[in-house]
Amino acid sequence: MSVRWKRIFVVVCCVIFTLLCGCGREPEGSPTPAGEPTGTPPAAEALGICISDGAHIYSEPAKESALLGAMRLNEEIQVLKKNEPSGWHCVWFHEQAGYIRASALQIKGEATPSPSITPTPTVPVQPSETPQSAPTAAVKKRIALTFDDGPSQSTLRILEVLKQYGGKATFCVVGSRLGSRTDILKKVAEEGHEIASHTWSHKDLNKLSEEEVLEELKSVNQLVYETTGKTVAFLRPPYGNANEIVKQAAIRENMAIVRWCVDTRDWKTKDPEATYKAIVEEAKDGDIVLCHDLYSATANAMELVIPKLIEDGFELVTVSELIGSLPNGIEAGKSYRSGRA
Ligand code: NI
């Protein structure tokens, strides 16, 4: 009897010891600290399915941290740690650990978390904080994205993103680039975007005579009209340079001048994250944003920028829509930097 009881005692002790040591511990290969990619995926706790198209993945569980990328609707991802910290899942993304809002993922085999715009408490996965970015239906903020120096193949990618999320933009085309790209110009017009003039040859207009300036404007206006049936309402002068001669020429062509209040410098950085930050971090109602649809880096940036602006409650409008709603409407020869009165 005593030997049997001793054996039972030893077995019980072993079980208790195993439980104490094994539970609550990180599994082998638990999430790598953010920013230290190892390239080897650690053991995943679950599989997540993206339920919020364009959901962002950050390096830390904070919206202010570095952006690693975005997920598409129904895309699957390895979840390394669920709800840690609360409201965030740690995920394995592009060979490194990152964080995504818990509300953007459905864990396979679990109930769907509440959509972020309806913060009704739901068990078991619930974001801890009230979303700050829920669109406000009553007061819609408006922003005008403008793209200079195109068209190019990147224009087509930007058009796709705009179509997917339901936004409009303004494409400031260079006439001499249009030659074999009139199909892109037609597509821009057909999809409801605005075509503005970035002159025929992208010269500094301040260095040209009045006749030369007029020719730079007329030639583009004519080609755009012949190709799309649209009249051009805005001139985006190269380098932002528009002196009195340019202003008078614009009046003769019944055009206003559009500058910008947000300069992304995308042509210089060619860094989607820098472009994203330049636009999104301080985006305000009435902003006119300067980008360039000549670079694939800018098209990459738009895949993050456009869904984020929509998520933050912005309506993406054309320059004509933005300026046209000012008290005096669009005034020929006048220069605009934003849509704020
Ligand atoms: Ni330019």
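Residues numbered from 1 in each chain as written. Predicted model: local features only at pLDDT ≥ 70, side-chain atom pairs only at ≥ 80, totals over all residues. Heavy atoms only, no water.

> Just checking my understanding: could you explain the side chain of T146 for this structure?
One can find T146 in strand β8 (residues 141-148). On the basis of relative accessible area, T146 is assigned to the buried category, the value being 0%. Engagement of the side chain of T146 in a polar contact is seen with the side chain of R236, the distance being 3.0 Å. Engagement of the side chain of T146 in a polar contact is seen with the backbone oxygen of V289, the distance being 2.6 Å. (Helix = DSSP H or I, 4+ residues; strand = E, 2+ residues; numbered from the N terminus. Buried < 20%, exposed > 50% of the residue type's maximum accessible area, 1.4 Å probe, protein only. Polar contact = N/O pair within 3.5 Å; in protein donor to acceptor, adjacent residues only side chain to side chain.)

> I tried to follow the packing of helix α2 (residues 153-165) against helix α3 (residues 182-190) on my own but got confused; where do I start?
For any two helices packed against each other, the geometry comes down to the angle between their axes and how far apart the axes lie. With their axes 10 Å apart at the nearest point, α2 and α3 run at an angle of 20 degrees to one another. Compared by their axis directions, α2 and α3 come out roughly parallel. Note that α2 runs across α3; the crossing there is left-handed. Contacts between α2 and α3 involve Q153, T155, L156, L159 and E160 from the first element and I184, K187 and V188 from the second. In terms of residue class, the contact of α2 with α3 is made up of 4 nonpolar, 2 polar and 2 charged. (Axes fitted to C-alpha atoms, helices over the stretch in contact; angles between N-to-C directions. Parallel < 35°, antiparallel > 145°, perpendicular 65-115°, else oblique. Left-handed = near helix turned anticlockwise from the far one by under 90°. Contact = heavy atoms within 4.5 Å. Nonpolar A, V, L, I, M, F, W, Y, C, P; charged D, E, K, R; others polar.)

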